[in-house]
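# Tertiary structure, described
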Amino acid sequence: MIEGCTTVDDAVILEISFGREFWKKVEAFIDEKLGSLTAREKEEAVAMLVEHGAPKEGSYRVFSAVERFAISSEQSSLHFKQFDLYRHNRSVAVGLKAHLDSNRLLKKKLAELKGVQAVPRDEWDSWDEKTVDELYERYVFAK
């Protein structure tokens, strides 16, 4: 099911979700082609299938240990990068309210000294308390 669609330059980015029936077919396909796997191996097989697609009939081959290691290390580095970006976003969200208030105060002083035309407009100038709270809730797990 298509959840959303975005266009960026010449590319179309689709946000899709799959129902339970689809995942049952994927698991059956993997079981048929690779046989019995552990839960971790099955998870890796699904990730490879989604990323690389299924081979044409008759051209099936098992990845070597070196290929599996290369693919899993690429995934690991992507997971680490994702975690690192999340940590960065979290630190920004924690200080966002204070920094926005400070930024607004500085812009007000600049406008008093140099005039309104000297004050640059930024996306976050229009952010209200609700927007800041939503970002905080997204990246900071605290009650």
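Here, every reference points to the structure presented above.
In this report, we go over the structure that sits alongside the text. Within each chain, residues carry numbers counting from 1 in the order of the written sequence. Side-chain atom pairs in this predicted model are given and counted only at pLDDT of 80 or more, local residue features only at pLDDT of at least 70, and totals for whole chains, interfaces and linings cover all residues. Values reported for side chains reflect all heavy atoms of the structure, with hydrogen atoms and water molecules removed beforehand.

## Notes on the environment of Gly4
We apply this condition: Each helix corresponds to a stretch of at least 4 residues labelled H or I by DSSP, and each strand to a stretch of at least 2 residues labelled E; elements are numbered beginning at the N terminus. Remark: exposure states derive from per-residue accessible area (1.4 Å probe, protein chains only) relative to the maximum for the residue type, with buried under 20%, exposed over 50%, and partly exposed in between. The criterion used for residue contact is that any of the two residues' heavy atoms lie within 4.5 Å.
Following the sequence through the fold, Gly4 ends up in strand β1 (residues 2-8). Take Gly4: its relative accessible area is 18%, and that puts it in the buried class. When the C-alpha positions of Gly4 and Tyr136 are compared, they lie 24 Å apart, and in sequence the two are 132 residues distant. Among residues more than four places away in sequence, those in contact with Gly4 are Ile13, Leu14 and Glu15.

## Observations concerning the environment of Arg90
Mapping Arg90 onto the fold places it in helix α3 (residues 65-114). Its relative accessible area of 38% is what places Arg90 among the partly exposed residues. Measuring from C-alpha to C-alpha, the distance between Arg90 and Val140 comes to 5.9 Å, with 50 residues separating the pair along the chain.

## Looking at the pattern of salt bridges
The cut-off we apply is this: Here a salt bridge means any side-chain nitrogen of Lys or Arg lying within 4 Å of a carboxyl oxygen belonging to Asp or Glu.
Under the defined criterion, the tally for this structure stands at 6 salt bridges. Salt-bridge contacts for Arg121 lead to Asp125; the nearest nitrogen and oxygen are separated by 3.5 Å. We classify Arg121 as exposed; its relative accessible area is 66%. Of the charged contacts in the structure, one is a salt bridge between Lys130 and Glu134, with a shortest N-O distance of 4.0 Å. Of the two residues, Lys130 and Glu134 are both situated in helix α4 (residues 129-139); the distance of 4 residues between them amounts to about one turn of the helix. Overall, the relative accessible area of 43% leaves Glu134 in the partly exposed class. Here the salt bridges do not stand alone but share partners, grouping Lys107, Arg121, Asp122 and Asp125 into one network.

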